[in-house]
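Chain by chain, the residues run as shown.
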Amino acid sequence: MNTMTVGLAVNTSEATPPERRILHLVLLALTLAVFALLGKPLLDGLAENWRARRLSLEPLFGLGLSGAFAASVVALWRGEGPVYFEVSSILLVVYSLGKLVTGEAEQRALQAVSLSSVTSETCLVRAPSGEWIETPVREVRAGDLVAVPAGTPAPVDGIVERGPALCHTSAISGETFLAPRNTGDFVAAGATPADAALWIRASAPGSERSLDRIADAIARSRSSPSPAERVASRAALWLTPVAGLSALLTAAFWFWRSGVEAALMNGLAVLVVACPCALGFATPLAFWAAMARFALRGAYLRSGEAVERIAEADLVVFDKTGTLTGAELRLARFLTVPGCPLARETLLAMIAAAERLSGHPIAAAFRGHAAASPDFEILELRLLAGSGIAATVRASSMPSAFELHLGLAEKLLAAEDEREWQRLLEDARPSPGSRLLAVLLDRRLAALVALEEAPLEGVGALWEALRELGVDSMTVSGDAEERVRALGCPDARCGLDPLEKLELVRALQARERRVLYVGDGVNDSAAMSAAHAALAIESGAPIARDVAHGVLRPEAVVRLPELLRIARGARRLARSNLAWAAAYNVAGISVAAAGMLHPVLAALLMTCSSLMVVWRAASFLTPDLEPPAPGIAPASGLSGKEAAI
């Protein structure tokens, strides 16, 4: 602004030639100082355009800036005519301001996909000599015997040769409950035995695992350019040449009509007014404003482009386990047999005390049940591989100890307990898909336990809220059909492995559906990478978060209809901003070409246009008083006023 003030004073006052030269040199020094402070990002952008042999917004800024600077240097050299060093400074400041305000509008594609969080780099392989050797997973051959310690993900696909064990497979297959794996069963890489070691015979080389096929699919999807990148490339192909040609034609016309000075001034005015500040700000600012509103609702996006992709979605595909349901199981039913030697609450507290020490994955379902009960002394506790736990427990108020067994009914029940078990089932009426456990005291059936998934609060209203927005919904999972359909989604697909989910997304998009995929596991990552937009649950697998366009807190899943409305509002704002900026550019170039716009005034108008776009985007951040979608609760932890702000 200081430079512009001095420049205007020099250009509009009667000064002697020596005075003008001194002041022009001062302006040149100030402009070079601005270049030194702010010029590197623009130069880097121009160099990147040159290396990639493409045109973007930087060449347009470069044309206007270099034109103003060159005209000023010519006037300084000749000792006559106006100088426009301040115009160069203004353009560079506006460009830098745009970078600061909008940040990086596009997210670079991932250079590589890491699955290190799912499996380790090495594993134990049995050599022909009988020794167990630490071997890189990539060097494992089909037929090798691999040892998988409890709590360690299986490094390769294989068949169980020695077992059994209960395995975590939710991240790979989407199955909610621990899956028993016995001799002869297939185990996919990434499945984790929870209660015992497994010895598996590799069914494929370490470089051809199912996980590697998922990684390859992700890499292929991420390497293709996004729609926004393709549109930006096409627009830049004509925007820069049109502005440059308009400036040249204007300069030629005014040179023929009025001479060199008029040609320089009017041609420069066209270049300056054509600088795409408003065009460059229009879309990113609207989407970044939407990102701020997303964050207040527990959704954190990587880039403004993610908002646009979400706004375009017409089908939301949900993973089930860990996305629409909680990660932990809940105790849904607990029925004791008639004549059980312990009262129901005492038996429940005894189980809770034993489970707390076992570290078994199902222990979380019994948390809190031992708080108000007698103290129990666990004399002995052991894991029953592939079945459950066994413990010797004595209560402080009882003279003798009990032998307690808890685990899969099909593993623990004796033949004489079958009739009593059926009576318990009739009384309990567990929901479809519940995991049933048997409780034995001193080797006799004592109780039935039914564990269920806990669906997120508000899931029932989610489907209707999406339908009212004109968005279809679908639930996909590798879990059993009864557990998937229990969530009430109108379109449920069951028993899908990761690559089948990927093929489903590709088939939907081939039918011109714009898929928004919401998931949390390794089994979702390939489908997420191929979807039009993807959101990962905050507590999910790292690879799912890496390939997604943003992260959702678990409670924000049911707020998805509200997020879609915000994204669509941002898209409307971006389009109107673009229309405003385009109209400004057309009108500005026309006025400048007619010789009615001084270059300094063109720079000021260009700045005002940019500020208008900024103001309109800022208005999108004002308190949002729209009521939430039916059945969708306000943002957790925020009052209505705080959530609006």
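These notes cover the structure that comes with them.

Here's the deal with the overall build of the protein chain
Part 1: Looking only at helices and strands, the protein chain has 21 helices and 22 strands in total.
Part 2: When burial is assessed residue by residue, the protein chain has 50% of its 645 residues classed as buried.
Part 3: Relative to all contacts within the protein chain whose residues are 6 or more apart in sequence, the contacts with residues 24 or more apart total 68%.

As for the pattern of salt bridges
Part 1: Per the stated rule, a full pass over the model turns up 22 salt bridges.
Part 2: Among the salt bridges present, the one from glutamate 161 reaches arginine 201, with a minimum N-O distance of 2.7 Å. Of this pair, glutamate 161 sits in strand E4 (residues 158-162) while arginine 201 sits in strand E9 (residues 198-202); the two residues are 40 residues apart in sequence, bridging distant segments of the chain.
Part 3: For glutamate 161, a relative accessible area of 35% gives the class partly exposed.
Part 4: A relative accessible area of 31% places arginine 201 in the partly exposed class.
Part 5: Overlapping salt bridges bring together Arg297, Arg559 and Glu562 as one network.

Overview of the packing of aromatic side chains
Part 1: Summed over the entire model, instances satisfying the criterion amount to 4 aromatic pairs.
Part 2: Relative to tryptophan 256, the ring of phenylalanine 253 has its centre 6.1 Å away and its plane inclined at 50 degrees; by these criteria the two rings are tilted. Here phenylalanine 253 and its partner tryptophan 256 are both found in helix H7 (residues 227-258), 3 residues apart, which amounts to about one turn of the helix.
Part 3: On the accessibility criterion, tryptophan 256 (70% relative accessible area) is exposed.
Part 4: Between phenylalanine 318 and tryptophan 463, the ring centres sit 5.5 Å apart and the planes meet at 80 degrees, which makes this aromatic pair edge-to-face. Here phenylalanine 318, found in strand E11 (residues 315-319), pairs with tryptophan 463, found in helix H14 (residues 459-468); they are 145 residues apart in sequence, far enough to count as distant.
Part 5: Grouping aromatic residues by their ring pairs yields a cluster made of Phe253, Trp254 and Trp256.
Part 6: If you follow arginine 162 out to its NZ or CZ, it ends over the ring of tryptophan 199, 4.4 Å from the centre.

Considerations on helix H16 (residues 498-510)
Part 1: In a regular helix each residue adds 1.5 Å, so 13 residues correspond to 18 Å; H16 covers 19 Å between its end C-alpha atoms and thus fits that length.
Part 2: Turning to H16, its buried residues are Pro498, Lys501, Leu502, Leu504, Val505 and Leu508. Buried positions in H16, seen along its axis, are confined to an arc of 160 degrees and lie on one side of it.
Part 3: The residue sitting at the N-terminus of H16 and contributing the capping side-chain oxygen is aspartate 497; that oxygen lies 3.1 Å from the backbone nitrogen of leucine 499.
Part 4: Positioned one or two residues after H16, glutamate 512 has a phi angle of 65 degrees, which is positive.

Some thoughts on the sheet that holds strand E7 (residues 186-187)
Part 1: The 6 strands are arranged E2-E1-E3-E9-E4-E7 in an open sheet whose pairing can be described as antiparallel. The open sheet has two edge strands with one neighbour each: strand E2 (132-136) and E7.
Part 2: The sheet contact formed by E4 and E9 spans 4 bridges and is antiparallel. Across the sheet, isoleucine 159 pairs through a bridge with arginine 201, a residue of E9.

Observations concerning the packing of H16 against helix H17 (residues 522-530)
The relative placement of two packed helices is expressed as an angle between their axes plus a distance between the axes.
Part 1: As a packed pair, H16 and H17 sit with axes 7 Å apart at the nearest point and diverge in direction by 20 degrees. Viewed along their axes, H16 and H17 adopt a mutual orientation that is roughly parallel. Once H16 is placed against H17, the crossing between them reads as right-handed. The segment H16 lies against H17, with Pro498, Lys501, Leu502, Val505 and Gln509 engaging Asn523, Asp524, Ala526, Ala527 and Ala530.

So, the nonpolar core
Part 1: Formed by 49 residues in total, the largest nonpolar core has its most connected members in Leu347, Leu406, Val439 and Leu441.
Part 2: Per-element tally for this core: the top contributor is helix H11 (residues 344-358), with 8 residues.
Part 3: Those residues in contact with valine 439 that lie beyond four places of it in its chain are Phe334, Leu347, Ile351, Leu404, His405, Leu406, Arg444, Leu445, Ala446, Ala447 and Val449.
Part 4: Core analysis: the second largest hydrophobic core is formed by 40 residues, Ala286, Met291, Leu301 and Ile566 among them.

Conventions we followed
- Residues numbered from 1 in each chain as written.
- Predicted model: local features only at pLDDT ≥ 70, side-chain atom pairs only at ≥ 80, totals over all residues.
- Heavy atoms only, no water.
- Helix = DSSP H or I, 4+ residues; strand = E, 2+ residues; numbered from the N terminus.
- Buried < 20%, exposed > 50% of the residue type's maximum accessible area, 1.4 Å probe, protein only.
- Contact = heavy atoms within 4.5 Å.
- Salt bridge = Lys/Arg side-chain N within 4 Å of Asp/Glu carboxyl O.
- Phe/Tyr/Trp six-rings, centres within 6.5 Å; stacked < 30°, edge-to-face > 60°.
- Lys NZ or Arg CZ within 6 Å of the ring centre and 35° of its normal.
- Expected span 1.5 Å × (residues − 1).
- Arc of directions from axis to C-beta.
- Polar contact = N/O pair within 3.5 Å; in protein donor to acceptor, adjacent residues only side chain to side chain.
- Pairing = 2+ DSSP bridges.
- Axes fitted to C-alpha atoms, helices over the stretch in contact; angles between N-to-C directions.
- Parallel < 35°, antiparallel > 145°, perpendicular 65-115°, else oblique.
- Left-handed = near helix turned anticlockwise from the far one by under 90°.
- Core = buried A, V, L, I, M, F, W, Y, C linked by side-chain atoms within 4.5 Å.

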